[in-house]
Every structure is written in structure tokens, then in C-alpha cells.
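Descriptive analysis of the structure
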Amino acid sequence: MIGIAIAGTGFGQKVHIPGFQAHPQTEVVAVYHRDINKAQAIAESHNIPHASDSLADIVALPEVQAVSISTPPFLHYEMAKTVLQAGKHLLLEKPTTLNAVEAKELYRLAKAKGVIATVDFEFRFVPGWQLFAELLSEDYVGKLRLIKIDWLGSSRADTSRPWNWYSDKEKGGGALGSLGSHAFDYIHWLFGPIRRLNAHLTTAIATRVDPVSGESKPVNTDDNCILTLELANGTPCQLSISAVVHASRTHWVEVYGDRGTLIVGSENQKDYIHGFRVWGSQAGKALTEIEIPNRLIFPKNYTDGRISAFIRVVDQWVQGIDHNQEITPSLREGIYSQLLMDLSHESHQKSSWVDVPSLEEFLSN
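Per chain, the residues get numbers from 1 upward, laid out in the order the sequence is written. Reporting in this predicted model follows two pLDDT cut-offs: at least 70 for local features of residues, and 80 or more for side-chain atom pairs to be given and counted; totals over whole chains, interfaces and linings ignore these cut-offs and use all residues. No hydrogens and no water enter the side-chain calculation; it runs on all heavy atoms of the structure.

1. Looking at the overall build of the protein chain
Put simply, the rule reads: Put simply, DSSP H or I for four residues or longer makes a helix, DSSP E for two residues or longer makes a strand, and each gets a number counted from the N terminus. Just to be clear, the radius of gyration here is over C-alpha atoms, and the globule rule we use is 2.2 Å times residues to the power 0.38. Under the scheme applied here, a residue whose accessible area is under 20% of the maximum for its type counts as buried, over 50% as exposed, and between as partly exposed, the area being computed with a 1.4 Å probe on protein chains only. We call two residues in contact whenever any of their non-hydrogen atoms come within 4.5 Å of each other. Computed by Shrake-Rupley with a 1.4 Å probe, the accessible areas treat only the displayed protein chains as cover when residues are assessed.
The helix and strand tally for the protein chain stands at 10 helices and 17 strands. Taking 365 residues into account, the globule formula puts the C-alpha radius of gyration at 21 Å, and the protein chain, at 20 Å, falls close to it. Relative to its full complement of 365 residues, the protein chain shows a buried share of 56%. Across the protein chain, every contact between residues at least 6 apart in sequence was considered, and the portion connecting residues at least 24 apart equals 69%. For the protein chain, the exposed surface amounts to about 15700 Å²; the carbon and sulfur share of it is 49%.

2. Notes on the UniProt feature "domain: Gfo/Idh/MocA-like oxidoreductase C-terminal" (unreviewed entry) in the protein chain
Put simply, the test is: UniProt positions are given in the numbering used here, feature names are shortened, and annotations may be inferred rather than shown by experiment.
As recorded in UniProt, the feature "domain: Gfo/Idh/MocA-like oxidoreductase C-terminal" (unreviewed entry) lies at residues 134-356. Split by type, residues 134-356 is 26% helix and 29% strand. Its first and last C-alpha atoms lie 27 Å apart.

3. Re the pairing of strand 14 (residues 260-266)
Going by this rule: What makes two strands pair is DSSP finding at least two bridges between them.
For strand 14, a buried count of 7 out of 7 residues is recorded, marking the element as mostly surrounded by other parts of the structure. Residue alternation in strand 14 divides its side chains into two sets, Gly260, Leu262, Val264 and Ser266 and Thr261, Ile263 and Gly265, and both sets are buried. In this sheet, strand 14 lies alongside strand 13 (residues 251-257) in antiparallel orientation, the contact comprising 6 bridges. Note that in strand 14 the partner of Tyr256 across the bridge is Thr261. Where strand 13 folds back on strand 14, the antiparallel hairpin that results is connected by 2 residues. Examined bridge by bridge, strand 14 and strand 15 (residues 277-282) share 6 bridges and lie antiparallel to one another.

4. As for the sheet that holds strand 15
So the rule is basically this: Axes here refer to lines fitted to C-alpha atoms; in helices the fit is confined to the stretch in contact. Angles between the N-to-C directions go from 0 to 180 degrees.
Spatial strand order, 16-15-14-13-7-12-11-8-17: 9 strands in an open sheet with mixed pairing. Of all the strands in the sheet, just strand 16 (288-290) and strand 17 (354-355) have a single pairing partner and so form its edges. For strand 8 (residues 194-202) and strand 11 (residues 224-231), the ladder comprises 8 bridges, and the chain directions are antiparallel. Bridging across to strand 11, Thr202 finds its partner in Asn224. Each of strand 8, strand 11 and strand 17 is contacted by helix 9 (residues 331-350), which is oriented at about 60° to strand 8, the strand it contacts most.

5. What to know about the nonpolar core
Heads up, the condition is: Among the buried residues, those of types Ala, Val, Leu, Ile, Met, Phe, Trp, Tyr and Cys that are joined through side-chain atoms within 4.5 Å form a nonpolar core.
Ranked by internal contacts, the top residues of the largest apolar core, which has 88 residues, are Ile69, Trp129, Phe132, Tyr186, Ile187, Phe191 and Val255. It is helix 7 (residues 175-191) that provides the largest number of residues to this core, a total of 9 residues. Dropping the residues within four chain positions of it, Ile69 is found in contact with Ala7, His16, His76, Met79, Ala80, Val83, Leu90, Leu91, Leu92 and Glu93.

6. Quick notes on unusual backbone geometry
That bond from Lys94 to Pro95 is cis: its omega, -5°, falls within 30 degrees of zero. For Pro95, the location among the structural elements is in the loop between strand 5 (89-92) and helix 5 (100-113). That bond from Thr328 to Pro329 is cis: its omega, 5°, falls within 30 degrees of zero. With respect to the helices, strands and loops of the structure, Pro329 is situated in the loop between helix 8 (306-323) and helix 9.

7. Description of the sheet that holds strand 3 (residues 50-52)
In space, the 6 strands of this open sheet follow the order 3-2-1-4-5-6, with parallel pairing throughout. Across the chains shown, the open sheet's two edge strands, defined by having one partner strand only, are strand 3 and strand 6 (117-119). In this sheet, adjacent strand axes meet at a mean angle of 20° when their direction is disregarded. By the bridge criterion, 3 bridges tie strand 2 (residues 26-32) to strand 3 in an arrangement that is parallel. Bridging across to strand 3, Tyr32 finds its partner in Ser52.

8. Digging into the state of the cysteines
We count it as follows: Disulfides are defined as pairs of cysteine sulfur atoms found within 2.5 Å of each other.
The tally for this structure, following the rule as stated, stands at 0 disulfides. Free of any disulfide, Cys225 has its nearest neighbouring cysteine sulfur in Cys237, separated by 14 Å. The class for Cys225 is buried, based on a relative accessible area of 0%.

9. Side note on the environment of Asn301
Note the cut-off: We call two N or O atoms a polar contact when they sit within 3.5 Å, provided that within protein one can donate a hydrogen and the other can accept it, with sequence-adjacent residues counted only if both atoms are side-chain atoms.
With respect to the helices and strands, Asn301 occurs in the loop between strand 16 and helix 8. Between the alpha carbons of Asn301 and Asn99 there is a distance of 35 Å; along the sequence they are 202 residues apart. Within the structure, Asn301 has its side chain in polar contact with the side chain of His274 (distance 2.9 Å).

10. Comments concerning the pattern of salt bridges
Selection rule: Note on definitions: salt bridges are taken to be side-chain nitrogens of Lys or Arg within 4 Å of carboxyl oxygens of Asp or Glu.
Evaluation of the coordinates by the stated rule reveals 15 salt bridges. For Glu360, the salt bridge identified is with Arg332, shortest N-O distance 2.8 Å. Residue Glu360 is found in helix 10 (residues 359-364), and its partner Arg332 is found in helix 9; the two are separated by 28 residues along the sequence. Accessibility expressed as a relative area gives 21% for Arg332, which makes it partly exposed. Residues participating in the shared-partner salt-bridge network are Lys148, Asp150, Arg249 and Glu254.

As C-alpha cells, then:
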């Protein structure tokens, strides 16, 4: 059994704790919260033996071999450094850090300490996406001609939703960080590296009410992102992201090639893991649904679908820890996703295309 400490008790309590408690090789032995009373209450309600308001004390526990961090992005870098310097394995939520330089430092530290670190890029582990990846690797569409991605949601559409860290760019908020970080990872996974990009970021809801003061407070993060990417192989990719629209097709990836078309998509607004289906057609034939094989289906579904995918992320991580072998996704993939987000902000500020260095080039600098 691998003793796990939980740092981050929002998403951590909804997804990480139940996911680790369901996995046969992990045991949640400690929980961190900056408020000791909340830490103790969470520990008691989930039968977790240790609670603390000090992450340093948590990583010093001999029962803790690994730490899962799901705090807001602006806390990731320092917390992950504390974990890695203590020689503990790390599971980190995305976006990895506030910038790619920080992410690169964490990656190098993990390698120096000989620990296994992963990032929760869960789309790699969703059945429909796994089938989609297999079909692409089998050359189902042939030579790529166009990729079109829409990820449209309403999680921030309610103007009465209060101001929080998500509304603050300095804290890593915004739709690009929460959704674009995933999209950049699966684009890299499915289609390879990106040569250059052009980004336009907008804020549809410019103010929100501060829950402390009751005053209207400006929002300086993006809630709409329109990006044009050119892959290293020259294929154009159009990516549209929104957290403030009511759309029936919430997450849709369309791939067009010289031999056929392949689509993975979901209309499930409530659960962004379950509900993905796959369609395909060869040139001149009608688009038809392709059944997801049983070997890819989740063995168990949960009320919160994110838990099903998270358990697969944990399983991959555990295998890496067992064999002392770097896995994919690792912090290396987290760096690339973060680099693309950094360059998207640069492109928006310059109102121009920005070249993307290779990951190897960025790591060597």
C-alpha cells in the first residue's frame, strides 16, 4: 500500500479522496488544510488518521510516501517543491504552475530526487478518447487536413457567481488554465507538437461580486479563448473554448483527413468525463457511430464521473512508483501544456502569431 496525503480539499474531497480510497494499492493517511479545524473535520469524516495545517509536517510523516495536490494554481509551485524536496512522489492537478519556467524546475527536481510525478490529464484515460486515439494511430483518417475543437460550457455563465481566484490572472485563473491546459495536452498526445499559435482571449463577464466586501470587483481573466494552431506537420487546428455559454455540444473534436473523418464528442454538460461517443466515416460514406469496446470501458462508474478517470490516472502513477519508472503523463507533459498557455497569453498581448519551441529545446535552455 502507498500512503497518500491530500493537499487541496475542494476538488480533492470530491474526486481525489474517493479515488484513492477506491484504488486497491493506495491509502489516504493524511490531509492538509490551512485551517486546522477544517483539516481535522475532513480527516474525521473520511476516516483519515492524520490532519495538519502544515504541509512540511505532512511530508515529514513516515506513513506518507506520496502527495496529491489539487489546490488553486498559484499554490502549486511552492507546495510541489515542498513535496519533491522531501523525496515524496507527486500527483499534481493542472494547470501545472503559473508559468513554464516553474514547471521545468519541478520536473528537474523530481528527476533529481528520483520520485515519480504525474499530472492529472485525465482525458488520456477516458474510454471514448482512448478509442479515438487508437483509430487515429491506425491511420483511420489518413493524412491530416484539418482539426476543429469546441469546448463550450456554462460553469461561469451565471453573473451572480462570486469573485474568487478564478477571476484573477495572477492566481492562475481563467478558462485557458482550467480547460486549455487539458486541450493542449490532448492535442500534443493525439496529434504531436505545435509549430506556432495565434490566440485571442476575451472576458465576457467583466465584474463579479466580492463575497467578503460585497462590492463589485473587476475580473481580469479570460472566459472565452479562440486559438489557431499550426501543428509541426503543418496541419491547421482551430480551438474554441468558453466557460460562459449554454451549448448543446459541450466538447467536440473533429478530425478531417484525406481518407476519412473522425469525431469524439459529448453533450453531457453535467459530467465532462462520461457521455463521450465516437463517430467516423471513410471518404464518400455516411458518418456512423463506432462502438467503444468493452476492454476500454470503465469497470465501475461513479456519481461524479471524474472519479472513474482519476482512478486510471492513479493506477498509472502507482505502476510508475512500483517499477520506479517515469510515466506518461509526467511533469514533462505538464511543462508543454504550460508553455503553450504562456505563449497563448504572449500571442494575445502582441496580437500576432507566436512560434513554439520544441519541448526538448525549451528543456535544454
